[in-house]
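Understanding the architecture of this molecule
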Amino acid sequence: MSPAEAPGRTAPPTPAPGSAREARDLEACNPGWVVVWRCWARRYWAFPCWVPTGPEPVEARNAQDLMYLIRLTETEHPPSFRDTSNIGGTRPPGA
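Rules used in this analysis
Residues numbered from 1 in each chain as written. Predicted model: local features only at pLDDT ≥ 70, side-chain atom pairs only at ≥ 80, totals over all residues. Heavy atoms only, no water. Salt bridge = Lys/Arg side-chain N within 4 Å of Asp/Glu carboxyl O. Helix = DSSP H or I, 4+ residues; strand = E, 2+ residues; numbered from the N terminus. Buried < 20%, exposed > 50% of the residue type's maximum accessible area, 1.4 Å probe, protein only.

What the rule picks out here adds up to 3 salt bridges. A salt bridge links Arg71 to Glu74; the nearest nitrogen and oxygen atoms lie 2.8 Å apart. Note that Arg71 and Glu74 are positioned in helix α2 (residues 63-76) at a spacing of 3 residues, about one turn of the helix. The class for Arg71 is partly exposed, based on a relative accessible area of 33%. For Glu74, a relative accessible area of 11% corresponds to the buried category.

See below:
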């Protein structure tokens, strides 16, 4: 008998399959956002990083709802960037 199976003990919650991986994928596809999977809450959180005084983080139970909230936030508070392929200024502007 493992410690998690001992009488009076319950196993810790198991995150939904792919949730942490999906959070990494969502973050990679959305520059300017930090996306985390909160396994204890079984929810995604996304933090916009382009405005220091707002907007607030968004939270959703699934990736589709999170993407909707990310796009809504970007519409209401447009980031000043989207293309991060020229970080470090190796290309001239507009190239």
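This is not the end of the story, as more comes after the structure.
At Arg42, a residue that is not glycine, the phi angle is positive and equals roughly 55°. Looking at the secondary structure, you find Arg42 in the loop between β1 (33-38) and β2 (43-48).

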